[in-house]
Amino acid sequence: MADDNEDLQADEELPAPAEDSFEQLENDSPAERSGHVAVTDGRCMYVWGGYKNAQVRGFYDFYLPRDEIWIYNMETGRWKKSKTEGDVPPSMSGSCAVCVDRVVYLFGGHHARGNTNKFYMLNSRSTDKVLQWVRVECQGVPPSSKDKLGVWVYKNKLIFFGGYGYFPEGKQRGTFEFDETSFWNSGLPRGWNDHVHVLDTETFTWSQPITTGKTPSPRAAHACATVGNRGYVFGGRYRESRMNDLYYLNLDTWEWNEIITQGICPVGRSWHSLTPISSDHLFLFGGFTTDKQPLSCGTPLVQAKRER
């Protein structure tokens, strides 16, 4: 399986496999995958993208089809595969997605030609027989092209943090640090960042707030969760380490705070999940350690209080 900074190097020279390549993998549930997005509207879960480790035409890592989305109905416990049309995103891994009012928003990711900073939406409430992707042309200065970033949802805003990708072309607030090993790979060198970008979903305009306080180090493949007006972030990869620090950003004042936890601290990790399970608790699950070991345990993490 590709590590979190080794983005399907074999697949970068391979066009998307024909549909019949996947027939043996798909029955009534999605094929196993990594680097996909999975978001929920409270009733259904939507799964899109990612890659699979299996031999196809001599290669072992390949992207899953881009023109389909798998929908899991939480009430019936059944999967449904839906074909999509329109401005279909390229097949990608490491994209960032959320579902708000049954609209799936998708940003960034890594595809066969590198990273992207394009923004897409898919309205699952549509009465069309086939769901339609729309590529949204946003105003303002967008984030740099990247993958493995996190997002918080607050009021009418999507707030993106961190990631791994190209050096920003325009002026950006925050820190970017090159990954020295990326200079030896084909294409543009990449690195980690701690940038915060805000997208207003009413005007589709990008902006960057001025943050204060103790800013987390640049990172990628971290996990984010929103509780009240706090955006929490735990762990992620920075250089060769997977971290186990915990921060929150006040989404009204844009002040960063580090939380010093009590008890046995979870091991550092990347590619994990951080999920609100009540108004004052988060649940940490899974991940990938510095020693490249997958984790399967869960931990109640913190009592999360709303800022006043």
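Residues numbered from 1 in each chain as written. Predicted model: local features only at pLDDT ≥ 70, side-chain atom pairs only at ≥ 80, totals over all residues. Heavy atoms only, no water.

**Observations concerning the sheet that holds strand 2 (residues 44-48)**
Logical step 1: Here we have 8 strands laid out as an open sheet, ordered 1-2-5-6-10-9-8-7, and mixed in their pairing. Only two strands of the sheet have a single neighbouring strand rather than two, namely strand 1 (37-40) and strand 7 (96-100). Averaged over neighbouring strand pairs, the angle between their axes works out to 25 degrees when direction is ignored.
Logical step 2: As paired elements, strand 8 (residues 103-111) and strand 9 (residues 114-123) share 8 bridges and run antiparallel to each other. (Pairing = 2+ DSSP bridges. Helix = DSSP H or I, 4+ residues; strand = E, 2+ residues; numbered from the N terminus. Axes fitted to C-alpha atoms, helices over the stretch in contact; angles between N-to-C directions.)

**Quick word on the packing of aromatic side chains**
Logical step 1: In the structure shown here, the tally under the stated rule is 21 aromatic pairs.
Logical step 2: Following the ring pairs from residue to residue traces out a cluster consisting of Y105, F107, F119, F160, F204 and W206.
Logical step 3: Of note, R230 hangs over the ring of Y248, and the distance from its end group to the ring centre comes to 3.8 Å. (Phe/Tyr/Trp six-rings, centres within 6.5 Å; stacked < 30°, edge-to-face > 60°. Lys NZ or Arg CZ within 6 Å of the ring centre and 35° of its normal.)

**Side note on the side chain of S95**
Logical step 1: Note that S95 resides in the loop between strand 6 (78-86) and strand 7.
Logical step 2: A distance of 2.9 Å separates the side chain of S95 from the backbone oxygen of G108, its partner in a polar contact.
Logical step 3: Sequence-distant contacts of S95, defined by excluding residues within four places in its chain, comprise G35, V37, W48, L106, F107, G108 and G109. (Polar contact = N/O pair within 3.5 Å; in protein donor to acceptor, adjacent residues only side chain to side chain. Contact = heavy atoms within 4.5 Å.)

**What about the nonpolar core?**
Logical step 1: Residues Y46, W48, L106 and W133 are the most contacted members of the largest nonpolar core, which totals 17 residues.
Logical step 2: The set of elements that each furnish at least two residues to this core consists of strand 1, strand 2, strand 5 (68-73), strand 7, strand 8, strand 9 and strand 10 (131-135).
Logical step 3: Per-element accounting of this core gives the leading share, 3 residues, to strand 2.
Logical step 4: Once residues within four sequence positions are removed from consideration, W133 is found in contact with W48, R66, T84, E85, G86, D87, V88, P89, L106, Y120, M121 and L122.
Logical step 5: Listed in part, the 15 residues of the second largest apolar core include F107, V151, F160 and L199. (Core = buried A, V, L, I, M, F, W, Y, C linked by side-chain atoms within 4.5 Å. Buried < 20%, exposed > 50% of the residue type's maximum accessible area, 1.4 Å probe, protein only.)

**Here's the deal with the pairing of strand 19 (residues 230-238)**
Logical step 1: Of all 9 residues in strand 19, 9 are buried, a share of seventy percent or more.
Logical step 2: Here strand 18 (residues 223-227) pairs with strand 19 via 5 bridges, running antiparallel. When the sheet's bridge partners are listed, V227 is paired in strand 19 with R230.
Logical step 3: In textbook terms, the turn of a hairpin is the stretch between consecutive antiparallel strands, and for strand 19 and strand 20 (residues 241-250) this stretch comprises 2 residues, one of which, R239, has a positive phi near 55 degrees.

**Topic: the sheet that holds strand 19**
In any sheet, the strands associate via hydrogen bonds between backbone groups, in a parallel or an antiparallel arrangement.
Logical step 1: Pairing within the open sheet is mixed, and its 5 strands lie in the order 17-21-20-19-18. Pairing within the sheet leaves two strands with one partner each, and these edge strands are strand 17 (212-213) and strand 18.

**So, unusual backbone geometry**
Logical step 1: You will see that A221, though not glycine, has its phi angle at about 60 degrees, which is positive.
Logical step 2: Structurally, A221 is set in the loop between strand 17 and strand 18.
Logical step 3: Its relative accessible area of 4% is what places A221 among the buried residues.
Logical step 4: Of note, the phi angle at W254 is positive, near 65 degrees, even though the residue is not glycine.
Logical step 5: Mapped onto the elements, W254 comes out in the loop between strand 20 and strand 21 (255-259).
Logical step 6: What makes W254 buried here is its relative accessible area of 16%.

All we've got here are geometric facts, nothing functional implied.
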